[in-house]
Amino acid sequence: MNARHRQDNIVRHLRRNGTSTIAELAREAGASRRTVLRDISALRDAGFVIHSESGRGGGLQLDPQSVQTTARLSVAEVFALLISVASMRAAGNLPFSGLADTGLAKIEKALPADKIRDLRQFLDCLYVGTLAPQVDISDLGEIDPALLPAFEAAFLERRHLAFEYRDAKGVITQRSIEPQAMLILPPLWYLVAWDPARDGFRHFRMDRISGPNCVKDTHFRRRHVTFDDTVRPLHDAPR
């Protein structure tokens, strides 16, 4: 378990139990006492108010007000929320879109300036549209949860993305591409990329991608992607 997940577990445990000891938190996080103490210090530095009670039976208490004013969402997590709302809006089944937009705007405002910059760069790559009725979606599968974190590095750092791809006939190939855009055609999601091996753009259904990873020491240039009239950038999509 990485530091972020340990610290999230610690906050969740303190919120649910009110008071907890270091030993209890260590068992909850699956870490040593020393590691938990470092995590507590990092949480305090991040703005969480955690009180220590001395004496027998004492422990740690989390001030719930500090949770409400501390943003711990990563760029990828905020982006995931935004694209989920965008995809539901594009599908026409988001009854509370106004409230969703307001809530997401508040989250965005709470992000540091560098994360805001990364988020906007991320969003510039997102397009939405309507799926043609003749497209077969009978084999629609789950999207690999590792894909979005890999996208964050690939899109923001302009690094090649390698993965295993299964096409419509079930043929599996290894691909290494230059990601240029993400296209949502509910209920299908596509990665639009330049494929150097084929010297052209390719659309990859995200539910057919597995084992994604960014390739070190690679870099590519941003290319202009042309879509038809039914596709628009997210920031131009109707709300």
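Provided above is the structure to which this section pertains.
What you see is a predicted model; the values in this text were computed from it and never measured.

A.B. asks: Is there a simple way to think about the overall build of the protein in this case?
C.D. replies: Counting secondary structure elements, the protein contains 8 helices and 10 strands. Taken over 239 residues, the protein has a buried fraction of 42%. Across the protein, every contact between residues at least 6 apart in sequence was considered, and the portion connecting residues at least 24 apart equals 62%. Carbon together with sulfur atoms contributes 51% to the accessible area of the protein, which is approximately 13500 Å² in total.

A.B. asks: So what exactly am I meant to see when it comes to the pairing of strand S5 (residues 161-166) here?
C.D. replies: Every regular strand shows the same layout, with side chains that alternate between the two sheet faces. When S5 meets strand S6 (residues 172-185), the two strands line up antiparallel, connected through 6 bridges. The partner of Tyr165 across the bridge, within S6, is Thr173. The hairpin formed by S5 and S6 contains 5 residues between the paired strands, and Gly170 there has a positive phi angle of roughly 90 degrees. Pairing analysis gives 4 bridges linking S5 to strand S9 (residues 209-214), with the strands arranged antiparallel. Bridge pairing in S9 links Glu164 to Ser210.

A.B. asks: I'm lost on a nonpolar patch on the surface in this one. Help?
C.D. replies: A surface patch of nonpolar side chains, about 200 Å² in accessible area, is lined by Val135, Ile137 and Leu140. Mapped onto the elements, Val135 comes out in the loop between strand S4 (126-128) and helix H8 (147-156).

A.B. asks: What's the story with the pattern of salt bridges in this structure? I'm lost.
C.D. replies: When charged atoms on two side chains of opposite charge get close, those side chains can pair. Here the structure, examined in full by the defined rule, presents 8 salt bridges. In this structure, Arg6 engages Asp39 in a salt bridge whose closest nitrogen and oxygen atoms are separated by 2.7 Å. Residue Arg6 is located in helix H1 (residues 3-17), and its partner Asp39 is located in helix H3 (residues 33-45); the two are separated by 33 residues in the primary sequence. Its relative accessible area of 14% is what places Arg6 among the buried residues. Its salt-bridge partner being Asp207, residue Arg205 comes within 2.8 Å of it at the nearest N-O pair. Grouping residues by exposure puts Arg205 and Asp207 together as buried. Overlapping salt bridges bring together Asp139, Arg205, Asp207 and Arg208 as one network.

A.B. asks: Whenever I open this one, the packing of H1 against helix H2 (residues 22-29) confuses me. Can you help?
C.D. replies: For any two helices packed against each other, the geometry is given by the interaxial angle and the distance between the axes. Interaxial distance between H1 and H2 falls to 9 Å at its minimum, and their mutual angle equals 125 degrees. When the axes of H1 and H2 are compared, the pair comes out oblique. You can see that H1 and H2 cross each other, and the crossing is right-handed. For the pair H1 and H2, contact is made by Arg6, Asn9, Ile10, His13 and Leu14 and by Glu24, Leu25, Glu28 and Ala29, respectively.

A.B. asks: Looking at this structure, how should I read the packing of aromatic side chains?
C.D. replies: For any pair of aromatic rings, the description rests on two quantities: the centre-to-centre distance and the angle between the ring planes. In total, this model carries 7 aromatic pairs according to the counting rule given. Aromatic side chains Phe163 and Tyr165 sit 6.4 Å apart centroid to centroid with 70 degrees between the ring planes, which places their arrangement in the edge-to-face category. Accessibility expressed as a relative area gives 2% for Phe163, which makes it buried. Linked through ring pairs, Phe122, Phe151 and Phe155 together constitute an aromatic cluster. One cation-aromatic arrangement involves Arg223 over Trp194; the distance from NZ or CZ to the ring centre is 3.9 Å.

Rules and cut-offs
- Residues numbered from 1 in each chain as written.
- Predicted model: local features only at pLDDT ≥ 70, side-chain atom pairs only at ≥ 80, totals over all residues.
- Heavy atoms only, no water.
- Helix = DSSP H or I, 4+ residues; strand = E, 2+ residues; numbered from the N terminus.
- Buried < 20%, exposed > 50% of the residue type's maximum accessible area, 1.4 Å probe, protein only.
- Contact = heavy atoms within 4.5 Å.
- Areas by Shrake-Rupley, 256 points an atom, 1.4 Å probe, with all protein chains shown as cover.
- Pairing = 2+ DSSP bridges.
- Patch = residues over 30% accessible without salt bridge, like charges linked within 9 Å, V, L, I, M, F, W, Y side chains within 5 Å.
- Salt bridge = Lys/Arg side-chain N within 4 Å of Asp/Glu carboxyl O.
- Axes fitted to C-alpha atoms, helices over the stretch in contact; angles between N-to-C directions.
- Parallel < 35°, antiparallel > 145°, perpendicular 65-115°, else oblique.
- Left-handed = near helix turned anticlockwise from the far one by under 90°.
- Phe/Tyr/Trp six-rings, centres within 6.5 Å; stacked < 30°, edge-to-face > 60°.
- Lys NZ or Arg CZ within 6 Å of the ring centre and 35° of its normal.

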